[in-house]
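# Inside the fold
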Amino acid sequence: FDLGLSTLNPVSQTEGRIHFAVVDYVVFAVLLAASMGIGLYYALSGGRQRTTQEFLMADRNMRCLPVSLSLIASFQSAVAIIGVPAEIYAHGTQYWFIGCAYLLGLFIPAHVFIPVFYRLRVTSAYQYLELRFSRAVRICGTLTFICQMVIYMGICVYTPAFALNAVTGFELWVSVLATGLVCTLYTTIGGLKAVIWTDVFQTVVMFAGQLVVIVVGVQKTGGVSEVWRKVWEGNRISGLDLNPDPTERHTFWTLGVGGVFLMLSLYGVNQTQVQRYLSARTEKEAVRSCYMAFPSLQLALALSCVMGLVMFARYCGENHSDKLGTAAGDAMVLYFVMDMLQGLPGLPGLFVACLFSAALSTISSAFNSLATVTMEDLIKPHFPAMTEARAILLSKALAMSYGLLCVAMAYFTHLMGDSVLQMALKIFGMIGGPILGLFSLGMFFPWANSTGAVAGLGAGLSVSFWVSIGTILNRSSGSSSALICSPRSFYMLIASLCSFSRPSGLKRFYSLSYMWYSAFNCFTVILIGLIVSFLTGRRVLTCALRTVYPLLGKLLCFLPERLKKKLCCVTPLGQNELFTKHASNE
């Protein structure tokens, strides 16, 4: 195809593939240099990262604005910037209703999880599990989190590298190394303070890159009214779907209710976010940062969704991803960006910088949180006499090691292919639910014990992997025929098949919408944990009152005091006394 480019255009094309010109590489290089500069600044200023408190927790002295922007950047990865517009382009605006889940998904952490964590003054969220249950539960939770983040970080490193390779022909492994090493370097030398401030910078770049694409796209498509006419005629404006069927991929219930549990697993108990809350100078600042993240998250979602609508107005459902030399559906977003920004010096580089900003912010946050949990949960308990100098050196070595590990994981992601990439994303979503269930079990149910917690976590992870593998095997039989169809005809074929037949029995269970995975696995952990706690004979539950949130006491306020005390649901939040409840089952 002919884009009609002149020699002065910032994007050149040879052999059917679009390539960056010098100005785009300059814009991209400035992003990496700025991120490095922030890391160097915080490595050489202040306390110069000489204590673990400063390196891992930013001296607990951060303001709410940078913390709130860092909360957004931590999980607004390149996967979301490319994936959400592709979702809207293919299926319409139904996904936009996930914004309804943001309200409770941030309100509950602000008033339940943050007060508990902040008053305990923990460094790692998993220290809570030892205070509430036992060291064994803490180690199990830590290892589960490490597994989750290493898999996800490999994907986050790979995605922008794939994008750069698709639109410029830039070597994939060079992109992977550049992303991983730059991020590892500024995280290692600058600590959490550098991570948070680079997140602020990278969030601005993310919003700017998306906004530029939308404005130029609307202008080239014929204006706002023309975009609206085309997306309306193309049935991409979705109404409120109140279908209660849990196997429906996206409805108001799967997105608005199931999405709440997904948000809680990310913004309530994930170490990456908890570490940001705890870096705030006061509890009020931490709560305020959580509230301030809400409008920014809505803006990020809106930009991605509008970008998908402008894409549809431009191409009306056609697939041009093969013109970038790839069959991946998400590559359509990259084609749209390069098509819109041709002839505009530096703007293609700005959008790729936007993708890399999203990736760098997510990856650096993960490196720092992984180093924190490894240091606090797996090393310090065995070496309590370790000097501060050795501890900070080891923390930096851990951050660097995880950086190199995630680069290696990205390489394996590249070797495994797109289907494994999708599987890895699903596994990431399904590991968060059991972790949320483990924290909920400890925080809301005072009579749960450590045996029940370990059993519940094991059951939750087992069920999640069972469902995940069953879903993959259940859908694999139809994948070969889908390869010969265009995306549009494929979606029409699936819709027609679903209208004639519904899966039954175990196949219907495997058809559960992925948005319900977090809720399903969370409740599995809680249910099994409570059953095992009641069946483990003589129980002695000893824990600080401040580790339990009085949820049952507030929900069951109509019960007599005597019955509420018997149910252990009147524990006040924030006290330091210990309570011991003996229950004999002999």
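Right above here is the structure, for reference.
Okay, so let's go over this structure. Just so it is clear, the structure is predicted and the values come from calculations on it, not from any experiment.

## Details of the overall build of the protein chain
Secondary structure assignment for the protein chain yields 24 helices and 4 strands. The buried share of the protein chain, reckoned over its 586 residues, is 57%. Long-range contacts, defined here as pairs at least 24 residues apart, represent 84% of the contacts in the protein chain between residues at least 6 apart. For the protein chain, the exposed surface amounts to about 23800 Å²; the carbon and sulfur share of it is 67%.

## Things to note about the environment of Glu376
Following the sequence through the fold, Glu376 ends up in helix α15 (residues 347-379). Taking the C-alpha atoms as reference points, Glu376 and Tyr126, 250 residues apart in sequence, are found 8.8 Å from one another. A distance of 3.3 Å separates the side chain of Glu376 from the side chain of Lys380, its partner in a polar contact.

## A few points about the layout of surface pockets
Within this model, the second largest pocket holds a volume of roughly 250 Å³. As for the second largest pocket, its lining consists of 14 residues, and the residues nearest its centre are Phe261, Leu264, Ser440, Phe444 and Leu551. Secondary structure elements with two or more residues in the lining of the second largest pocket: α5 (99-120), α11 (258-267), α17 (418-444) and α22 (517-535). Of the residues belonging to the lining of the second largest pocket, the class tally is 13 nonpolar, 1 polar and no charged.

## A look at the nonpolar core
Within the largest apolar cluster, 150 residues are counted, with the highest numbers of intra-cluster contacts made by Phe113, Phe117, Phe336, Phe351, Phe439 and Met443. At 16 residues, helix α13 (residues 283-315) tops the list of elements feeding residues into this core. Look past the residues within four positions of Met443 in its chain and what remains in contact with it is Val112, Phe113, Val116, Phe117, Tyr128, Thr547, Val548 and Tyr549. By size, the runner-up hydrophobic cluster in this structure holds 6 residues, among which are Ala371, Ile379, Leu398 and Ala399.

## What about the side chain of Gln94?
Relative to the helices and strands, Gln94 is located in the loop between α4 (78-91) and α5. A distance of 3.1 Å separates a polar side-chain atom of Gln94 from the backbone oxygen of Gly239. Dropping the residues within four chain positions of it, Gln94 is found in contact with Ser238, Gly239, Asp241, His250, Thr251, Phe252 and Leu255.

## Structural notes on the packing of α11 against α22
Between α11 and α22, the shortest axis-to-axis distance is 7 Å and the interhelical angle comes to 70°. As summarised for this structure, α11 and α22 are arranged roughly perpendicular, according to the angle between their axes. Contacts between α11 and α22 involve Phe261, Leu262 and Ser265 from the first element and Ser518, Ala519 and Phe523 from the second. Across the contact of α11 with α22, the residue classes tally to 4 nonpolar, 2 polar and no charged.

## Brief notes about the pattern of salt bridges
Under the defined criterion, the tally for this structure stands at 11 salt bridges. In this structure, Arg135 engages Glu130 in a salt bridge whose closest nitrogen and oxygen atoms are separated by 3.3 Å. The exposure class of Arg135 is partly exposed, given its relative accessible area of 38%. Between Arg229 and Glu233 there is a salt bridge, and its shortest N-O distance comes to 3.0 Å. Placement of both Arg229 and Glu233 in helix α9 (residues 224-233) is noted, with a separation of 4 residues, approximately one turn of the helix. With a relative accessible area of 54%, Glu233 lands in the exposed category. Linked by salt bridges that have partners in common, Glu130, Arg135, Arg138 and Asp377 make up one network.

## Quick word on unusual backbone geometry
Of note, Arg121 is a non-glycine position whose phi angle comes to about 55°, a positive value. Turning to its location among the elements, Arg121 is positioned in the loop between α5 and α6 (127-132). Look at Arg121 and you get partly exposed, because its relative accessible area is 44%. Positive phi values are uncommon outside glycine, yet Asn235 reaches one of about 55°. Following the sequence through the fold, Asn235 ends up in the loop between α9 and α10 (252-256). The class for Asn235 is exposed, based on a relative accessible area of 63%.

## Quick word on the packing of α5 against α13
Where α5 meets α13, the axes come as close as 9 Å, and the angle between the chain directions of the two elements is 160°. Looking at the two axes, α5 sits roughly antiparallel to α13. In this structure, α5 crosses over α13, and the sense of that crossing is right-handed. Only Glu283, Ala286, Val287, Cys290, Tyr291, Ala293, Phe294, Leu297, Gln298 and Leu301 of α13 make contact with α5, whose side of the interface consists of Gly99, Tyr102, Leu103, Leu106, Phe107, Pro109, Ala110, His111, Ile114, Pro115, Tyr118 and Arg119. Class assignment of the residues belonging to the contact of α5 with α13 gives a composition of 17 nonpolar, 3 polar and 2 charged.

## Regarding the environment of Asp377
Along the chain, Asp377 turns up in helix α15. According to the relative accessible area criterion, Asp377 is buried, its value standing at 2%. It is 7.3 Å that separates the C-alpha atoms of Asp377 and Ser124, two residues lying 253 residues apart in sequence. Those residues within four positions of Asp377 in sequence are excluded, and the remaining contacts are Ser124, Tyr126, Gln127, Arg138, Thr142 and Thr372. A polar side-chain atom of Asp377 sits 2.7 Å from a polar atom in the side chain of Ser124. Of note is the side chain of Asp377, whose polar atom sits 2.7 Å from the side chain of Arg138.

## Brief notes about helix α14 (residues 331-341)
With 11 of its 11 residues buried, α14 lies for the most part within the structure. What α14 keeps buried is the set Ala331, Met332, Val333, Leu334, Tyr335, Phe336, Val337, Met338, Asp339, Met340 and Leu341. Gly343 sits one or two residues past α14 and shows a positive phi near 80°.

Rules used throughout
- Residues numbered from 1 in each chain as written.
- Predicted model: local features only at pLDDT ≥ 70, side-chain atom pairs only at ≥ 80, totals over all residues.
- Heavy atoms only, no water.
- Helix = DSSP H or I, 4+ residues; strand = E, 2+ residues; numbered from the N terminus.
- Buried < 20%, exposed > 50% of the residue type's maximum accessible area, 1.4 Å probe, protein only.
- Contact = heavy atoms within 4.5 Å.
- Areas by Shrake-Rupley, 256 points an atom, 1.4 Å probe, with all protein chains shown as cover.
- Polar contact = N/O pair within 3.5 Å; in protein donor to acceptor, adjacent residues only side chain to side chain.
- 1 Å grid on protein atoms, 1.4 Å probe; cavity = no way out; pocket = protein on both sides within 12 Å on 5 of 7 lines; lining within 4 Å.
- Points joined across faces, edges and corners; volume = space filled by probe spheres on them.
- Nonpolar A, V, L, I, M, F, W, Y, C, P; charged D, E, K, R; others polar.
- Core = buried A, V, L, I, M, F, W, Y, C linked by side-chain atoms within 4.5 Å.
- Axes fitted to C-alpha atoms, helices over the stretch in contact; angles between N-to-C directions.
- Parallel < 35°, antiparallel > 145°, perpendicular 65-115°, else oblique.
- Salt bridge = Lys/Arg side-chain N within 4 Å of Asp/Glu carboxyl O.
- Left-handed = near helix turned anticlockwise from the far one by under 90°.

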